[in-house]
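# Chains, contacts and geometry: an overview
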Amino acid sequence: MTTEALYGAVDLGGSHIGLALGSVDVEAGEYRVVACRNLEGGGYDGWEPMLDRIAEGLLELVRGVGQNPAAVGVGCPGWVDLEGGVTRFLPNLPSQWRDVPVADLLGARLEAPVYLLNDVRAATLGEFRFGAGRGTSTMALFALGTGIGGGVVVDGRLRLGPLGSAGELGHQIVDPTGPLCGCGNRGCLEAVASGPAIAAAGVRLLRSGQAPALFDLTGGDAGQVSAETMGEAATAGDEAVTKELERIAGLVGIAAANIVVALHPELIVLGGGVAGLGDLLFDRVRRTIAERVRVFPTDDVRVEPAALGTDAGLAGVLVWAASSA
């Protein structure tokens, strides 16, 4: 049995839930996972049975290592009450987990304090402490995937705001006349640059006959169009696809430039599936920051990919649990 303090981590997602027990050394910038497992199915069978599965899964890990966690962190895909440990609105899960006292319910089962945090803010914290942001003081993370989330660290501290919602970078407006976003606004970054938005742009090009390489890659099946196949089509020489991806990357660049003007961070981190577009995305974002930010030089602002991948969320809630206990 290990003698170092262990912390529990839960990364609550729609398709799966990650569980882990691990130790944290913030000063050294290190964390160590001693046991982990995934639960498939996400929260689609309702919050009560899901919390039971989470509790039992963590207890199995505890029995395996022979040591109780000092605290448990839970990353949640939505709005949470940090002080009360209550999920307020998880939009992508059935029943939206409205007003569920997760911290009290899990804490009673696990006999440990439980602390909630938005999942992308947790990933931001993970990247800051252990990943791309190590050694920085101020940084921002854009999680570019099915939706677009974000988080900011200012002067070494994760900025959460009074509701824990500071850092919703995907819901800044980059096109005032743009499409309706799921949040109810128009022209949010999420509405124009998320994975589904990129796929929709690709479907339009496919059906209008402007993307022969994309047609070949997907067999003409619009359901197979994605950010990934769009990137492949651009590499294969589809000029219209390349121009569309550059336009969308430019919108991400505008969002990043807004953050640079507001915070002058040392680092902008791009993560999530859309970041897989690689140089086409990163180079355009860097150019847009240089073009759009005129009030001070931006040569010192780096734009880099996330380093921890899907492990960022678990790493973040581990350090959240350790720092909150």
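Up top is the structure.
Just so you know, these numbers come straight off a predicted model, no measurement behind them. The residue numbering used here restarts from 1 in each chain and proceeds along that chain's sequence as written. Whole-chain, interface and lining totals are the exception, using all residues; otherwise, since this is a predicted model, local features are given only for residues with pLDDT of at least 70 and side-chain atom pairs are given and counted only at 80 or more. The side-chain values count all of the structure's non-hydrogen atoms but skip hydrogen atoms and water molecules.

### A word on the sheet that holds strand β3 (residues 30-40)
Taken in spatial order, the 5 strands make up an open sheet running β3-β2-β1-β4-β7, and their pairing is mixed. Of all strands in the sheet, those with a lone pairing partner are β3 and β7 (114-118), marking the two edges. Direction aside, the axes of adjacent strands within the sheet are offset by 20 degrees on average. Summarising the sheet, strand β1 (residues 7-12) and strand β2 (residues 16-25) pair through 6 bridges and their orientation is antiparallel. Of the residues in β2, the one forming a bridge with Tyr7 is Gly22. Sitting on the sheet, helix α10 (residues 312-324) touches β1, β2, β3, β4 (71-76) and β7, and the angle it makes with β1 is about 135 degrees. In this scheme, strands are said to pair when DSSP sees at least two bridges between them. Only DSSP runs of H or I covering at least 4 residues are called helices, and only runs of E covering at least 2 are called strands; the numbering of each starts at the N terminus. Angles run from 0 to 180 degrees between N-to-C directions of axes, and those axes are lines fitted to C-alpha atoms, restricted for helices to the stretch in contact. For this analysis, residues touch if any pair of their heavy atoms sits within 4.5 Å.

### Remarks on the layout of surface pockets
A pocket here means an open set of points on a 1 Å grid, computed over the protein atoms alone, that has protein on both sides within 12 Å along at least five of seven lines. A cavity is instead a set of points where a 1.4 Å probe fits but cannot get out; residues with an atom within 4 Å of a point line either one. Grid points are joined across faces, edges and corners, and a volume is the space filled by probe spheres set on the points. Within this model, the second largest pocket holds a volume of roughly 220 Å³. Contributing to the lining of the second largest pocket are Val26, Leu125, Phe128, Arg129, Gly156, Arg157, Leu158, Leu160, Val319, Trp320 and Ser323. If you list the elements that add at least two residues to the lining of the second largest pocket, you get α3 (119-130), β10 (157-158) and α10. Under the grouping applied here, Gly and all other residues not named as nonpolar or charged are polar, the nonpolar ones being Ala, Val, Leu, Ile, Met, Phe, Trp, Tyr, Cys and Pro and the charged ones Asp, Glu, Lys and Arg. Partitioning the lining of the second largest pocket into residue classes produces 7 nonpolar, 2 polar and 2 charged.

### Digging into the pairing of β2
Exposed residues in this analysis have more than 50% of their type's maximum accessible area, buried residues have under 20%, and partly exposed residues fall in between, with area computed by a 1.4 Å probe over protein chains only. Of all the 10 residues making up β2, 7 are buried; the element is thus mostly covered by neighbouring parts of the structure. Turn length for the β2-β3 hairpin, with the two strands adjacent in sequence and antiparallel, is 4 residues, and the turn residue Gly29 shows positive phi of about 70 degrees.

All quantities given are derived from atomic positions and should not be read as evidence of function.
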